[in-house]
Amino acid sequence: MTPHWTKEDAPVWDAGKQAVFGPDGLAATGLVPPADGAPLADEWWRVTDSGGAVAGYGWLDSEWGDAQITFLVAPGRRGAGLGEFIVGRLEQEAAGRGLNYIYNVVPATHPDPAWMTHWLTGHGFTVSGSGDLRRRVRHEAQHS
């Protein structure tokens, strides 16, 4: 599978997101679905496979020199390198903005918080004093 990365300039809560997130995934993000057709507030990127099927999503919320990142891999796609692909692209975006850290909060409502925490810690994220999992932005990532 060759993943493709597309920024959604006017993201909406469409059928693709609903299929990937489902009710449990939606609860995990802490997002409430907006009114039909209304745009989403965060910066969203969609990952599709070479056939055009949605394989996952990532989003970034810049704040105070850091960036909160969140991602979700479509059901059945975990382990296909999509997590690394999405987080790598989000980190490139953070590096391009001169941000210092990327971090992720694994909410209690996540359908598999142990897996998510394990994945993040296995990819260089450490628990901070505020309880989130973060790592310093790798500024060289923007050149890869």
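What you are looking at is a predicted structure, and each value in this text was computed from that prediction instead of being measured.

**Details of the packing of aromatic side chains**
- Taken as a whole, this structure holds 5 aromatic pairs when the rule is applied.
- With a centroid separation of 4.5 Å and an interplanar angle of 20°, the aromatic rings of W44 and W59 are classed as stacked. A residue pair is termed long-range when its members are at least 10 positions apart, and W44 in strand β2 (residues 43-48) and W59 in strand β3 (residues 54-63) qualify at 15 residues. Here the two residues W44 and W59 agree in accessibility, since each one is buried.
- With 5.1 Å between their ring centres and 55° between their planes, F71 and W119 make a pair best called tilted. With a gap of 48 residues between them, F71 in strand β4 (residues 66-73) and W119 in helix α3 (residues 113-122) connect regions that are remote in the sequence. Across the pair, W119 and F71 agree in class, each one buried.
- Connected via pairs of aromatic rings, a cluster forms that spans W5, W45 and F85.
- The side chain of R134 reaches across the aromatic face of Y101, ending 5.6 Å from its centre.

Conventions adopted
Residues numbered from 1 in each chain as written. Predicted model: local features only at pLDDT ≥ 70, side-chain atom pairs only at ≥ 80, totals over all residues. Heavy atoms only, no water. Phe/Tyr/Trp six-rings, centres within 6.5 Å; stacked < 30°, edge-to-face > 60°. Helix = DSSP H or I, 4+ residues; strand = E, 2+ residues; numbered from the N terminus. Buried < 20%, exposed > 50% of the residue type's maximum accessible area, 1.4 Å probe, protein only. Lys NZ or Arg CZ within 6 Å of the ring centre and 35° of its normal.

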